[in-house]
Amino acid sequence: MIMDLKFRDRLWRRYVSPLIFLCAVFSATSAVMHYSVPEEMEQGSVVANLALDLGLGDAKALGHRKMRLDVIANRRYLEINKETGELFVAEKIDREQLCNSKNPSCFLKMDVTIENPIRLFNIEVEITDINDNAPHFRRDTMHLDISESTSSGERFSLTNAIDPDFGSNSVKTYHLSESEYFDIEIQTGRDGSKFADLILKKALDREQQAVHNLILTAVDGGAPTRTGTASIIVRVLDVNDNAPSFNKDKYTVDVMENSPIGSLIIKLNATDLDEGSNSEIVYSYSLYTSERTQQMFNLNPENGEIRVKEMINYEDVKLYEMEVIASDKGPNSLSGQCKLTIQVTDMNDNHPEISIKSFQSPIKENEPIDTVIAVVSVSDKDSGDNGVVDLHIPDNMPFKLRESSDNYYELVVSEPLDREKVPEYDVTFTVTDRGSPPLSDNETMTLELLDVNDNVPQFPQSFYTIRVMENNAPGALLSSLTAFDPDLHENQYLVYFILEKEIANTSMSMLFSINPENGNLYALKTFDYEIEKEFLFHIEARDSGSPPLSSNVTVHIIIVDQNDNAPVIVSPWRAHGSVVEEKIPRSTDKGSLVAKVIALDTDSVHNSRITYQFLQVTDATLFSLDQYNGEIRTMRMFSYRDPRHQRLVVVAKDNGEPALSATVTIKLSTMETAVKAYSDMTEVPLEYDIFSDLNLYLVIGLGSVSFLLLITILVTIVLKCQKPKPSKAAPPCRNSVISERNSTIADSTLVSNDAYWYSLFLAETRKGKLVVRQPVPKGSRYIVSSIPRGTGLTDTSDSAPSTLQYPK
């Protein structure tokens, strides 16, 4: 619309003069074209062909004349097809939205403009109404309150229906659903609108029907017609026109004598068909009800309940009569009445009685069966079935009742008694009559059982294992061995004994003591696991009954080891505080056994597990120590830079807590071998482990000469080793050992000769298991020519000098 206005302004400015000139022509052709279109036409529907109606020629010329449509003060509901000149619907038109529904006419005013030459035409399109809306009420539900006393013919206004359509399509009439009491009368307003009044045809009765539900239907005049509905709910207001009434005129009720005060006798119920205060009822006694009756029974004025006010006794009054009035609370109160007869029924109101004639308590728990314990009698003042009584005792007791004569009973033992299970019995005698309902009485007596020594003392366990740490303090408490005796008094008092048993001529009472009163077991001496490891004996518990009863239990004492012994180094042997001196050749190979440290611990299990460690070492890169077997081996070969004397301090530590240990100091002295003395000319420095860049032929020649020289030196050394000097023996070299091994049995070797091994070999010699071919003085080494099989000695080194290891 804004674009069209701007275009129109430009058009008028450009053609002001021509328009003034052509004004007469336009006035001659300014007739308005009228069209009529129904609302709600589909988009694209053709209204008219403007090109033909305006005489603009054929449709082919329209494209050059630029026909356009301008809608005045309204939305663009219509458009022109510029190719055909047809006026068509651009969007659906709703007459009720476009125009006021009360306006009889609804127009769309438009201007059609064309160019070449410019011409302007006025068009009016009338929008006609169709029946596209149904009538509807402003309120879907209408509520009316009408008293049941309203006379017939009374008129009540109803809300009218509204229809947005116009003319015949608007509301034309109303219909009411079928009703016996109501009808409608249709009225016409000044503006032609239709409305209805509700007419009461017949007097209402709220007690017959309190609410009337009606349906009002509005119908328009369209084709086809459309309708709308609303609900009419008529609530009938009550009038006090009904008197209260009881279900019966007479009531008869039976009541038991001695009924509790406040107990309900009957609840009278009167009804009133009215509602509100007209139906609220108040109950009261009439003047014909006696004062005695009103004193015995209470009438609740609100709910009609009649309850016992005083205790009723059949022997005093057997029948009560009363008259009850029910009145409503309406303005003009109405009332109704009924008669009530209360018959008193006799009841079993006398309790039976129990009398204990004799009773014996306490009795021994070993009383024989059928022993009479008590005699009781029963009675009841009532007569008939109310005076017949039965006597009972609980079923879960070792007693029974035996009738001796009329209403006399004896209580006798029926099962063996055991005081330890049940020390006493509460025997309840219950007497019950045969009335309805039955009445009963009871009497309880306590029967106590005397103890008899019939139970043996019992220990919680048949076998006790007690662990005792060695080095215990004399008199220390080991355990408490307490037995239990369920008997009482002296039959329960226990005394404990150690049953005598000698072990290695030693009595148990010299080693252990038990408190005779409480069973506390004590150690009389300090135990040493390395000497004594366990004890087995019996303890007896005896009660103080007559005759006494006893039982015993087995006690197993286990002495637990304590880390109280430090390791003792037995190899290499040395005097206390002295240092072990060993000599090894400097030509010793890598991995050779240098020495073996052996320590013993007299403790057991983990306390005797020994590990070895270096405490001090001159060169940590030269020697290694196996932490489990104590072997000291070389980690590499000696070089000329290594000191000739090495000091090794080895600590042997057990696995106890806290750990104990022992140390040994080994001084190693290295010495040159004969091979090295004769081969200085050809020896390659030890720190060089690789070949030089010599000619291969030179290496082969030097190797051949060295091999011949080595054989000559070996023969010479073997001859010298066969005759060692008694004062100082020269240590054999590796080649001499090899020669010796080749000349003897395969088990031959060299043994490190110190005091420990020397004495060991002599002892083995006496048993005939080891032969020493050549005696060697102490301080030097000796040669064992043969190790017989089965001695347990093994060769543990593959280097010279060899050593022997004796198993632990």
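Note that this is a predicted model, so its numbers are computed, not measured.

Colleague: Describe the overall build of the protein, and please don't skip the residues or the numbers.
Modeller: When helices and strands are tallied, the protein shows 12 helices and 55 strands. Per-residue burial for the protein yields a buried fraction of 38% across its 808 residues. At a minimum sequence separation of 6, the contacts of the protein that also span at least 24 residues come to 65%. Carbon together with sulfur atoms contributes 52% to the accessible area of the protein, which is approximately 45800 Å² in total.

Colleague: Tell me about the pairing of strand β7 (residues 119–128), residues and numbers included.
Modeller: With 7 bridges connecting them, strand β1 (residues 32–38) and β7 associate as parallel partners. Bridge assignment links Val-37 to a residue of β7, and that residue is Ile-127. Where strand β6 (residues 107–114) meets β7, 8 bridges bridge the pair, whose relative direction is antiparallel. Across the sheet, the residue bridging to Thr-113 is Leu-120, located in β7. Here β6 hands over to β7 after 4 residues, with Asn-116 in that stretch at a positive phi of 60 degrees.

Colleague: Provide a residue-level description of unusual backbone geometry, including the pertinent values.
Modeller: Following Ala-223, the chain continues to Pro-224 via a peptide bond in cis, the omega torsion being 0 degrees. Among the structural elements, Pro-224 can be located in the loop between β15 (211–220) and β16 (227–237). Following Ser-436, the chain continues to Pro-437 via a peptide bond in cis, the omega torsion being 0 degrees. Note that Pro-437 resides in the loop between β32 (424–433) and β33 (440–450). The backbone of Asn-258 shows a phi angle near 60 degrees, a positive value even though the residue is not glycine.

Colleague: Account for the packing of aromatic side chains, naming residues and giving values.
Modeller: Using the criterion set out here, one finds 10 aromatic pairs in the structure. When the ring of Phe-297 is compared with that of Tyr-320, the centres are 5.1 Å apart and the planes differ by 80 degrees; the resulting orientation is edge-to-face. Here Tyr-320 lies in strand β24 (residues 319–328) and Phe-297 lies in strand β22 (residues 297–299), a separation of 23 residues in the sequence. Classification of Phe-297 by relative accessible area gives buried; the value is 0%. Judged by relative accessible area, Tyr-320 falls into the buried class, the value being 4%. Clustering of aromatic rings is evident, with ring pairs tying together Phe-512, Phe-527, Phe-535 and Phe-537.

Colleague: Can you explain the environment of Val-456? Please cite residues and give values.
Modeller: Residue placement: Val-456 occurs in the loop between β33 and β34 (463–469). With a relative accessible area of 33%, Val-456 lands in the partly exposed category. Between the C-alpha atoms of Val-456 and Gln-492, which are 36 residues apart in sequence, the distance is 9.4 Å.

Colleague: Could you give an account of the pattern of salt bridges, naming the residues involved and the relevant values?
Modeller: As enumerated under the stated definition, the model contains 20 salt bridges in all. In this structure, Lys-92 and Glu-42 form a salt bridge, with 3.6 Å as the shortest nitrogen-oxygen distance. With Lys-92 in the loop between β5 (86–89) and α6 (95–98) and Glu-42 in the loop between β1 and β2 (46–49), the pair connects residues that are 50 residues apart, well separated along the chain. Arg-206 is the salt-bridge partner of Glu-275, the closest N and O atoms lying 3.6 Å from each other. Of the two residues, Glu-275 sits in the loop between β20 (270–271) and β21 (281–285) while Arg-206 sits in the loop between β14 (194–200) and β15, which places them 69 residues apart along the sequence. A relative accessible area of 9% means that Arg-206 is categorised as buried. Within the structure, one salt-bridge network assembled from shared partners comprises Arg-155, Glu-185 and Asp-197.

Colleague: I'd like a rundown of the environment of Cys-106, residues and numbers included.
Modeller: With respect to the secondary-structure elements, Cys-106 resides in the loop between α6 and β6. The class of Cys-106 is buried, set by a relative accessible area of 1%. Taking C-alpha positions, Cys-106 is 5.7 Å from Glu-126, a pair spaced 20 residues apart along the chain. For Cys-106, the contacting residues outside a window of four places in its chain are Arg-95, Leu-98, Cys-99, Val-125, Glu-126 and Ile-127.

Colleague: Could you give an account of the sheet that holds strand β13 (residues 182–188), with specific residues and numbers?
Modeller: Taken in spatial order, the 3 strands line up as β10-β14-β13 in an open sheet, and their pairing is antiparallel. The open sheet has two free edges, formed respectively by β10 (155–157) and β13, since each of these has just one partner strand. Going across the sheet, the axis of each strand differs from the next one's by a mean of 35 degrees, ignoring polarity.

Colleague: Residue-level account of the sheet that holds β22, with values.
Modeller: For sheets, the rule is that strands pair by backbone hydrogen bonds, running either parallel or antiparallel. If you walk across this open sheet you meet the 3 strands as β19-β23-β22, and the pairing is antiparallel. Because the sheet does not close on itself, it has two edges, and the strands there are β19 (264–267) and β22. Neighbour to neighbour, the strand axes of the sheet diverge by 20 degrees on average, direction disregarded. Sheet topology places β19 next to strand β23 (residues 305–308); 3 bridges connect them, and they run antiparallel. Bridge pairing in β23 places Ile-266 opposite Ile-306.

Colleague: Tell me what's going on with the nonpolar core, and back it up with residues and numbers.
Modeller: Across soluble globular proteins, nonpolar side chains show a tendency to be buried alongside one another. Formed by 27 residues in total, the largest nonpolar core has its most connected members in Leu-50, Leu-78, Leu-98, Val-112, Val-125 and Ile-127. Going through the elements one at a time, β1, α4 (50–53), β4 (78–80), β5, β6 and β7 are the ones with two or more residues in this core. Dropping the residues within four chain positions of it, Leu-78 is found in contact with Val-47, Leu-69, Leu-87, Phe-88, Val-89, Ala-90, Ile-93, Met-110 and Val-125. If you look at the next biggest cluster of nonpolar residues, it comprises 26 residues, including Leu-494, Ile-514, Leu-521 and Ile-539.

Colleague: Please give an account of the state of the cysteines that cites residues and values.
Modeller: Across all of its chains, the model carries 1 disulfide by this definition. Paired by a disulfide, Cys-99 and Cys-106 hold their sulfur atoms 1.8 Å apart. Measuring handedness by torsion sign, the sulfur bridge of Cys-99 and Cys-106 sits at about 70 degrees and is right-handed. Cys-106 carries the same exposure label as Cys-99, and that label is buried.

Colleague: Describe in detail the side chain of Asn-453, supporting the description with residues and values.
Modeller: The residue Asn-453 is located in the loop between β33 and β34 in this model. Residue classification places Asn-453 among the buried positions, given a relative accessible area of 14%. In this structure the side chain of Asn-453 is engaged in a polar contact, spanning 3.0 Å, whose partner is the backbone oxygen of Pro-547. Here Asn-453 is in contact with Asp-487, Asn-491, Asp-543, Gly-545, Ser-546, Pro-547, Pro-548 and Leu-549, once residues within four sequence places are set aside.

Colleague: So, the pairing of strand β49 (residues 631–634): which residues are in play, and what are the values?
Modeller: Direction of pairing for strand β45 (residues 593–596) relative to β49: antiparallel, over a ladder of 3 bridges. Opposite Leu-593, over in β49, you have Arg-633 as the bridge partner. Note: strand β48 (residues 623–625) against β49, 3 bridges, orientation antiparallel. By the bridge assignment, Leu-625 is partnered in β49 with Ile-632. Count of turn residues in the β48/β49 antiparallel hairpin: 5 residues, of which Gly-630 carries a positive phi of about 75 degrees.

Colleague: Tell me about the side chain of Glu-305, and please be specific about residues and values.
Modeller: By the secondary structure assignment, Glu-305 is in strand β23. You can call Glu-305 buried: its relative accessible area is 16%. Looking at Glu-305, its side chain comes within polar contact range of the side chain of Arg-307, at 3.0 Å. Ignoring sequence-local partners within four residues, the contact set of Glu-305 consists of Leu-264, Ile-266, Lys-267, Asn-298, Leu-299 and Asn-300.

Colleague: Tell me about the confidence of the model for the protein, and please be specific about residues and values.
Modeller: Low-pLDDT portions of the prediction should not be read for the details of their coordinates. In this model, the protein carries a mean pLDDT of 77, and residues with pLDDT of at least 70 account for 79%. Note on residues 674–694: pLDDT under 50 across the span, and 12 contacts to partners over four residues away in sequence or across chains. In this model, residues 723–808 is a region of pLDDT below 50 whose contacts with residues beyond four sequence positions or in other chains number 142 contacts.

Calculation rules
- Residues numbered from 1 in each chain as written.
- Predicted model: local features only at pLDDT ≥ 70, side-chain atom pairs only at ≥ 80, totals over all residues.
- Heavy atoms only, no water.
- Helix = DSSP H or I, 4+ residues; strand = E, 2+ residues; numbered from the N terminus.
- Buried < 20%, exposed > 50% of the residue type's maximum accessible area, 1.4 Å probe, protein only.
- Contact = heavy atoms within 4.5 Å.
- Areas by Shrake-Rupley, 256 points an atom, 1.4 Å probe, with all protein chains shown as cover.
- Pairing = 2+ DSSP bridges.
- Phe/Tyr/Trp six-rings, centres within 6.5 Å; stacked < 30°, edge-to-face > 60°.
- Salt bridge = Lys/Arg side-chain N within 4 Å of Asp/Glu carboxyl O.
- Axes fitted to C-alpha atoms, helices over the stretch in contact; angles between N-to-C directions.
- Core = buried A, V, L, I, M, F, W, Y, C linked by side-chain atoms within 4.5 Å.
- Disulfide = S-S within 2.5 Å.
- Polar contact = N/O pair within 3.5 Å; in protein donor to acceptor, adjacent residues only side chain to side chain.
- pLDDT = per-residue confidence, 0-100.

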